[in-house]
Amino acid sequence: MKLNRRDFMKISGVTAAGIAVSGLGFDLKPVKAHAGLLKTQYAKETTTICCYCAVGCGAIVHTSRRGDGRVINIEGDPDHVINRGSLCSKGSSLKQLVENDRRLTEPMYRAPFSDKWEKVSWEWALSTIAQRVKKTRDNSFEKINAARQVVNRTTRIASIGSAAMDNEECWIYQALMRSLGLVYIEHQARI
Amino acid sequence: MTNHWIDLKNSDCILIMGSNAAENHPISFKYVTQAMENGATLINVDPRFTRTSARADIYTALRSGTDIAFLGGMIKYILDNHLYNHEYTAEYTNAGFIVGKAFGFNDGLFSGYRKNDDEGPSTGSYDKSTWAFEMDANGVPKIDRALKHDRCVFQLMKKHYERYDLETVSRITGTSKQDLLTVYKTYSATGKKGQAGTIMYAMGWTQHTVGTQMIRTMAMIQLMLGNMGIAGGGVNALRGESNVQGSTDHCLLWHIWPGYLKTPRSSNDSLDAYNQAYTPVSNDPLSANWWQNYPKYSVSLLKAFFGDAATKNNRFGYNWLPKVDDGEVYSWFDLFDAMYKDNIKGFFAWGQNPACSGSNASKIREALGKLDWMVNTNIFDNETGSFWKGPGMDPSKIGTEVFLLPAAVSVEKEGSITNSGRWMQWRYQGPKPLGNSMPDGDIIMRLGHKIKDLYQSSGVFADPIINLKWDYETHGDFDAHKAAKAINGTFTQDTTIKDKVYKKGTLVPSFAFLQADGSTASGNWLYCNSYTEKGNMAARRSDKDAPNNIGLYPEFAWCWPVNRRIIYNRASVDLKGQPWDEKDWVIRYEGEVDDGKYVSGKWVGDVPDGGWFPMQNPDGTRRTDSRHPFIMRKHGHGQIFGPGRADGPFPEHYEPLECPVEKNYLSSVMVNPTAVVYNTKADGHATCDPRFPFVGTTYRVSEHWQTGLMTRPQEWLMELQPNMFVEMSEELAKLRGIQNGERVKVASMRGALEATAIVTKRFKPFQIGPATVHQVGIPWHFGWRWPETGTEETANLLTPPAGDPNTRIPETKAFMVNVTKL
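Residues numbered from 1 in each chain as written. Chains lettered and ligands numbered in written order. Predicted model: local features only at pLDDT ≥ 70, side-chain atom pairs only at ≥ 80, totals over all residues. Heavy atoms only, no water.

Colleague: Please clarify how the nonpolar core should be interpreted in this entry.
Modeller: Within soluble globular proteins, side chains that are nonpolar generally end up buried alongside one another. With 90 residues, the main nonpolar core has Ile 129 and Ile 172 of chain A together with Leu 261, Phe 348, Tyr 472 and Trp 525 of chain B as its most contacted residues. With 8 residues, helix H12 (residues 294-306) of chain B is the largest single contributor of residues to this core. Once residues within four sequence positions are removed from consideration, Phe 348 of chain B is found in contact with Ile 129, Val 133, Ile 157, Ala 158, Ser 159, Ile 160, Tyr 173 and Met 177 of chain A together with Trp 373, Val 375 and Leu 447 of chain B. Among the nonpolar cores identified, the runner-up in size contains 72 residues, and Leu 71, Ile 98, Val 210 and Met 615 of chain B belong to it. (Core = buried A, V, L, I, M, F, W, Y, C linked by side-chain atoms within 4.5 Å. Buried < 20%, exposed > 50% of the residue type's maximum accessible area, 1.4 Å probe, protein only. Helix = DSSP H or I, 4+ residues; strand = E, 2+ residues; numbered from the N terminus. Contact = heavy atoms within 4.5 Å.)

And the structure:
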């Protein structure tokens, strides 16, 4: 029988639970069984790559199929050839990044000279931003520079970010910014 | 990285310098440790004894900013003791190239220097014409492969580093002569054939006014020792963000377009002029000169931008895209300088927190108040989006309108990221985005549609906006697969290549198929081959190794270029195509031989850097149908002499802008004479100023990440690393009367912050010439928004307004501070 490492872990995990009864003085079997169910029967399992440093470690995300549909657990992916299941302190606490009460969950707006945030709708936020972009761009657009060369740009709008985005997002982001005529386009790689 | 994480295990000697890999890339140590178990030596050089030092066989300290002196001494040691790989150096590097007669170097300055008398930020520049190689009648560089000609690169290098003797280097770095010798001797042993040495570096090298040249010094050593292209070798930048490699490849940077194409200058007034300006020409039939394909990549990119609207008649929309002025720079520093001077009115801070991450962050925070509007997309509220209520700010006086957009977390969406080893890896959606947060891709698409809608009716120069191809959606949601396919590229019409017909819409198999006539579209030529008719290569998961069994895992994920796991790998073999290292070989040529000559054959192992025959036949005769191994260089050779750099073709030691010594012991030029230094009233710097007597440096800890925005709002990590601290030696603590655990003030010319003192043996005072120099270290992970006490601030309030002339990366690794009791 050919076992990969994850199969092995599952089997040895069951054995360990049996031994644990005598070692700890109480029976872990029901807890283990429940945890197992949470992960496999009622959870969606997806693979991810850690979002912190650039080693590119693999992790497994267990998402509840019932209830709130949120993350139950995130752990190192034993079948990932780079980390083989290991994660550092940050990778190990990935779940706390996702399931975190402090996360932003609504678009917010701060008016000029205001001292507070206001909750706004996506529709309003994106429409208003589009209008601001157009106004600033059109008022500052340079078709030619001081040397009378064609430049077709605006230097009044700038963008930074982001190495936190996926490749596909980075590409469409730079395409949008460049189509608007931005030349001040920078991000984490510069610092 | 020229190599990749797993490949570290193949090394015989690992030098970690300018990085604290054990702390900041912890899983890399899986392979460092494996190499050590197989007998490799780990050397660590760092101003501070770190978690990496604790695992090292050899550890020694140097004063921050003196790495070129340290490594220049190693070059001298290698040359004096003939420890270089002669065949490799002579055949694969430009060591034998003859440099023109006018080239010179005198007392810290190369020929052609011009001081900048304007207000800056550039302090000076070089006319590089005297750094050029001598050419023969055919326009091919003159080469003395015996390395004897007195103006060949090898001899010039020897002369240049003659001055870097142990005595001088020790005086500059504060490292003992004995320790220098131990490191030099151990590392240079990898010059022997079959031995591999590697370097793991990070921001400890990039963040200096001489950062690029620190890395180049090591690259020169790697070339001389024959360590480029081989397993367990290479020059390995440990990149710090999960997709900073991918975001760089897709060029969210002012000076480059996706795939490292150039951003057009205003003088590139047509597509033809642009292509001509950036397509290098080599007259050497043995030079692959890969960038000769430039027009295929640029036209395919324009087709990806504008789709069917990009036609031959409108030169594929070339003039729809913005141009930058000749000679001008639009980098991070310049961007915030312009914002500070009221010249930028609208600002996107997308997935980034400059109020904490930018050097001299107070200037950035002040600049944000001069904007009309800012869009800040993030997972958490942060010091940038909420700058108007930060320390010292009066909201009633700040007119900046701020839109704070909630982004989804990585596990809530689908797409790919590229790790430091160039591996593009696919990730999948687990839960849906929390609350009303949204994946960045959806926010960008929707904003793009809103803007396009506005320009449908009217607007200045609306063509590029209206014609931008913007269909990366399925059922109204961003579709990462569609974008990934567009990045890979498709045929835009039925096209026949080598008798094979590729139907319109077919995914392009690899960049060798891209065309300059508009028949292909590709968002990034480097990623062409990543998503083909065979499927999504980045999603592959096979743990089957390649035949050389060195941990390449060619069917796990995908790596650019064309799944080549170790780049420059044709330098891993000798002229006859046989590996320098028989045990850990990367590629080898298996050829059919007739009368001492290869008549056919193939490369096995990794994807080779081109499929040409080896340079020589088995009988030692040279072939005319081969190519030099460094195919991305115009002349095909690794560059020991780097005539393209802003600050000189050879690295030279200069002191940091702010330093504790009054004299550069190698020349009368103190600071890199081409460094960029900013000069508004919010800037400012001080050298040898008694108010700031100690060297300061910044770093990271394992439990936090970058500005801390993705770690500070978390419970476990905050429990492990709760607040800002400053590490200092017992000697310095005694001098200042500071107790371990006490809150103290750390200040520089730019600002001050509070930190908890960690009095430790990990820092020791340096003896620099006649002076005792103390150094302290601070992490840069904090900011007033989290923790909610508001007392923990970023190290970047202290860091200097100066940077490297090639990259304009700030000098945040060496500056001057004071530490006092509160």
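Colleague: Can you help me understand the sheet that holds strand E2 (residues 58-64) of chain A in this one?
Modeller: Backbone hydrogen bonds hold the strands of a sheet together, and the pairing may be parallel or antiparallel. Residue and element names in this part refer to chain A. Strand order in the open sheet formed by 3 strands is E1-E2-E3, with antiparallel pairing between adjacent strands. For this open sheet the edge positions go to strand E1 (43-49) and strand E3 (71-76), each flanked by a neighbour on one side alone. Shown here is a sheet whose adjacent strand axes are inclined to one another by a mean of 20 degrees, direction ignored. Both E1 and E2 contribute to a ladder of 7 bridges, which runs antiparallel. Bridging from a neighbouring strand, Thr 48 pairs with Ala 59 of E2. (Pairing = 2+ DSSP bridges. Axes fitted to C-alpha atoms, helices over the stretch in contact; angles between N-to-C directions.)

Colleague: So what exactly am I meant to see when it comes to the pairing of strand E13 (residues 373-378) of chain B here?
Modeller: Regular strands have side chains that alternate between both faces of the sheet. Residue and element names in this part refer to chain B. Among the 6 residues that make up E13, 6 are buried, leaving the element largely enclosed by the rest of the structure. One ladder, built from 5 bridges, connects strand E12 (residues 346-350) with E13; its direction is parallel. When the bridges of E13 are listed, Trp 350 appears paired with Thr 377.

Colleague: When you look at the environment of Cys 152 of chain B in this model, what are you seeing that I'm missing?
Modeller: Residues and elements named next belong to chain B. As for its position among the elements, Cys 152 is in the loop between strand E7 (124-126) and helix H5 (153-161). The buried category is assigned to Cys 152, whose relative accessible area is 0%. In this structure the C-alpha to C-alpha distance between Cys 152 and Val 99, which are 53 residues apart in sequence, comes to 5.9 Å. Setting aside its immediate chain neighbours within four residues, Cys 152 contacts Ala 95, Gly 96, Phe 97, Ile 98 and Leu 147.

Colleague: Honestly, the interface of chain B and chain A in this entry has me stumped. Any pointers?
Modeller: A common way to express how large an interface is: the accessible area buried when the components associate. Contact with chain B, which involves 166 residues of that partner, is made by 113 residues of chain A. Summed over both sides, the interface of chain B with chain A buries roughly 12,500 Å², with 63% coming from carbon and sulfur. Put simply, chain B and chain A have 9 salt bridges between them. Close ionic contact of Glu 123 of chain A with Lys 450 of chain B constitutes a salt bridge, the shortest N to O distance being 2.7 Å. Counting across the interface, chain B meets chain A through 90 residue pairs in polar contact (both at pLDDT 80 or more). Looking at which element gives the most residues to the side of chain B that touches chain A, the answer is helix H16 (residues 440-457) of chain B, with 12 residues. Tallied by class, residues from the side of chain B that touches chain A come to 88 nonpolar, 51 polar and 27 charged. (Buried area = accessible area lost by both parts, 1.4 Å probe. Salt bridge = Lys/Arg side-chain N within 4 Å of Asp/Glu carboxyl O. Polar contact = N/O pair within 3.5 Å; in protein donor to acceptor, adjacent residues only side chain to side chain. Nonpolar A, V, L, I, M, F, W, Y, C, P; charged D, E, K, R; others polar.)

Colleague: Got a minute to help me understand the state of the cysteines in this structure?
Modeller: Two cysteines, two sulfur atoms, one covalent bond between them: this is a disulfide. Counted according to the given criterion, the structure contains 0 disulfides over all chains. Looking at the unpaired Cys 251 of chain B, the closest cysteine sulfur is the one in Cys 170 of chain A, lying at 10 Å. Of the residues examined, Cys 251 of chain B reaches a relative accessible area of 0% and is grouped as buried. Unpaired in terms of disulfides, Cys 356 of chain B finds its nearest cysteine sulfur in Cys 51 of chain A, a separation of 18 Å. Using a relative accessible area of 0% as the deciding quantity, one classes Cys 356 of chain B as buried. (Disulfide = S-S within 2.5 Å.)

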